[in-house]
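# Descriptive structure summary
Letter by letter, the chains look like this.
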Amino acid sequence: MAIFAKPSMRSTRQATTAEAFRLIGNNLYNPSWGYQNGKIRNARIRRTFLPTAFVGYEGSITKQTQLSLSASVTAGVEKFSSLDWFDAQTPLPDNYRYMPSYFNDEDDIFSMVESAWISNDTNYTQINFDNLIATNRLNGDEAVYAISDRVRRVINADLRAEATTTFGKHLLSYGVEIKHRNHRNYKQIRDLLGAKYIIDLDYYLLDDDTYGNSLQNDLNNPNRLISEGDKYGYDYSIKQQDISIFGIYHYSTERLNINLTAKVGYCDISRRGGYRKELYAENSYGESRHLKFSPYALRIAAEYLIAENHFVSGTLATESESVDGEDLFLQSQYNNRIIDSPSMSSKYGAELRYLFQKQNFALNASLFLSAELNDTRVRHIYDDLSGEYTDIVESEIDYLRYGIELEAEYRFANHFRATAAFTAARYTYADNARITIYSDASNALLADHITSYTKGLSLGNAPQIAVTAGLSYYNRGWWAAINANYAGLRFVEPSKVMRTERVLAMSTSSEQRNTLTTQEKLRDAFTIDISLSKSLYINRLSRRIYSTKAAPRFEDKYPRSRLIFRVGVRNLLGSTNIIYNAYESSRLQRYKLAGEYIYNRQATRYLYAYPRTFYASATFAF
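Now for a look at the structure at hand. Computed from a prediction, not measured in an experiment: that's the story for all the values here. (Residues numbered from 1 in each chain as written. Predicted model: local features only at pLDDT ≥ 70, side-chain atom pairs only at ≥ 80, totals over all residues. Heavy atoms only, no water.)

Right, let's get into the environment of E388. Mapped onto the fold, E388 is located in strand β22 (residues 388–413). Its relative accessible area of 26% is what places E388 among the partly exposed residues. Note: C-alpha distance between E388 and S439 (51 residues apart in sequence) is 7.0 Å. At a separation of 2.7 Å, a polar atom in the side chain of E388 contacts the side chain of S439. (Helix = DSSP H or I, 4+ residues; strand = E, 2+ residues; numbered from the N terminus. Buried < 20%, exposed > 50% of the residue type's maximum accessible area, 1.4 Å probe, protein only. Polar contact = N/O pair within 3.5 Å; in protein donor to acceptor, adjacent residues only side chain to side chain.)

In structure tokens:
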């Protein structure tokens with residue numbers, strides 16, 4: 001039986017544009033913080049507390065049959081804070097309308113804004129919390145700006161029962177798995193920044209000529225005044241129930257091991273709305289239609305001893321499973337509307353591996369191939385061509401991954417070990433995806449199943465060439481290690497919306513079309529990491545806890561109680577230009593050049609890895 005409980009709270013950074021990094025002159029620029037009453041405050045803080053309890057049991061039914069039972073429950077909350085604003089301009093300092101590039105045609109304004117960025121005037125380049133509080137006070141008791149939490153309350157429960165029967169060289173395992181997922185999502189006011197309340201309305205529709213009369217977020221509680229700590233905006237749950245039966249057949253001889261695995265199941269997914277949204281008064285509150293799927297998995301794996309120290313193994317696998325519950329609803333926050341033609345995604349995989357092992361040396365080489373077909377994602381963005389907020393269904397997304405991996409380990413002296421690993425792979429979109437766009441306010445169809453030219457593009461941010469090599473020393477509780485790491489052939493995560501003819505038709509030349517479709521390659525990354533640890537075994541404490549008059553239940557090589565100290569440095573060379581991840585914008589920007597309007601993607605967003613980073617930890621295990 002075990003219980004894990006790890007509360008955590010951490011500030012987070014926000015990706016921004018190359019223009020902002022260049023003007024500030026700092027690749028760690030973070031637009032999500034600012035000054036409040038002379039003190040730094042970050043608007044984006046992640047708070048997590050997800051305690052987990054686990055219990056397991058193993059016993060014998062007969063001499064040939066063993067029984068294993070396990071159950072686990074995770075129940076807790078995740079909160080992610082951010083700025084919110086109500087019928088007001090965005091306070092985020094790196095919005096494209098606040099950048100010098102937005103004023104290319106207005107020289108005076110361009111120079112003034114550029115000067116503010118170059119001089120790092122924090123009243124302009126960071127969030128000005130004092131101004132937000134002052135604006136709220138001028139507005140009376142009702143907030144214009146606030147900090148809100150996007151909350152997810154999690155209940156995950158798993159139950160597994162497995163029996164294993166042995167027949168000579170044959171072994172058969174069989175059983176049942178039951179999974180329950182209930183994730184409740186809502187927004188909650190954390191700080192009204194000097195104000196007393198907001199009204200629970202859809203402020204995005206205030207100036208809408210058609211839907212400006214349908215502002216209520218919850219018709220069951222219209223015009224509700226929201227104070228700090230209250231829920232508002234949306235309140236819904238996504239529930240998923242899974243039950244499956246499985247069987248595993250294992251056959252072994254001195255040279256050959258074979259495993260056959262089969263699994264079939266039933267999956268039920270639904271949404272339950274806690275608010276009656278005025279826009280969708282008849283289809284937002286209460287339980288949605290249940291979506292039912294029949295997932296399955298098949299796998300065959302074999303291992304063969306060719307000769308002493310030489311092994312070869314192979315795996316073939318296929319499975320089908322439902323896409324994420326959030327991606328099955330057009331507007332999961334406030335509508336029970338299910339996407340058209342919901343379906344399962346399919347996965348296929350194969351691996352061939354060779355292993356050589358001797359006393360001081362091991363080599364592992366493998367070829368792998370995997371394909372994932374018919375994935376679906378739902379996204380919510382402002383569409384610059386229609387001039388309204390939209391819900392976008394990205395469907396028929398196909399991924400292909402294949403490559404080679406090599407790992408080696410060599411113990412060349414007492415207490416010394418050298419390791420190395422190499423991966424050369426291709427991670428790509430195997431075919432063109434499909435895009436369907438709906439108006440968020442009316443569910444009107446704006447684009448129906450149009451092609452996104454994603455075929456051949458690389459999956460974003462994943463290194464397709466990776467190398468690591470290290471040297472470690474271990475002796476009498478000491479462990480020291482140094483590792484060099486290289487990551488190459490990485491690309492920016494592409495926008496599927498930008499690669500449709502709906503957008504590409506706005507280009508006025510082949511060069512502009514290429515600009516919209518070309519995928520940016522990220523620079524290669526190289527780091528060196530070092531670490532040092534020491535374990536102190538506490539014999540006296542171990543004897544005091546575990547030595548009893550009864551026979552010992554556990555026999556360990558080392559005392560059970562120990563202190564472990566760890567220190568280390570990541571990115572020892574202090575590189576500041578390593579991009580951690582990057583993604584293309586799915587919005588257009590129009591600007592005038594030589595009397596002609598030009599359309600282009602809004603700037604790509606980047607997040608840089610930390611420079612030299614020190615860490616230390618102390619652990620007591622007993």
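Our next topic: a negative patch on the surface. A cluster of acidic side chains, namely D105, E106, D107 and D108, defines a negative patch on the protein surface. Inspection of the secondary structure puts D108 in helix α2 (residues 107–118). (Patch = residues over 30% accessible without salt bridge, like charges linked within 9 Å, V, L, I, M, F, W, Y side chains within 5 Å. Areas by Shrake-Rupley, 256 points an atom, 1.4 Å probe, with all protein chains shown as cover. Salt bridge = Lys/Arg side-chain N within 4 Å of Asp/Glu carboxyl O. Lys, Arg positive; Asp, Glu negative; His and termini not counted. Charge placed at Lys NZ, Arg CZ, Asp CG, Glu CD.)

This brings us to the pattern of salt bridges. Inspection of the entire model under this criterion finds 28 salt bridges. E409 is the partner of R417 in a salt bridge, and the nearest nitrogen-oxygen pair spans 3.6 Å. Residue classification places E409 among the partly exposed residues on the basis of a relative accessible area of 23%.

This paragraph deals with helix α4 (residues 129–138). Since there are 3.6 residues in each turn of an α-helix, residues three or four apart along the chain are aligned in direction. Inspection of α4 places F129, L132, I133 and N136 among the buried residues, and these make up the whole buried set. Taken down its axis, α4 places every buried residue within 95° of arc, on the same side. Buried-residue contacts for α4 involve β4 (33–36), β5 (39–42), β8 (65–85), β9 (127–128) and β10 (145–167). Remark: G140 follows α4 within two positions and exhibits a positive phi of approximately 85°. (Arc of directions from axis to C-beta. Contact = heavy atoms within 4.5 Å.)

Tracing the sequence through the fold places A413 in strand β22. Spatially, the C-alpha atoms of A413 and N360 are 9.0 Å apart, while their sequence positions differ by 53 residues.

So, on to the side chain of S270. Its place among the elements puts S270 in strand β15 (residues 256–273). Setting aside chain neighbours within four positions, we find S270 in contact with S237, I238, K239, E287, S288, R289, H290 and F329.

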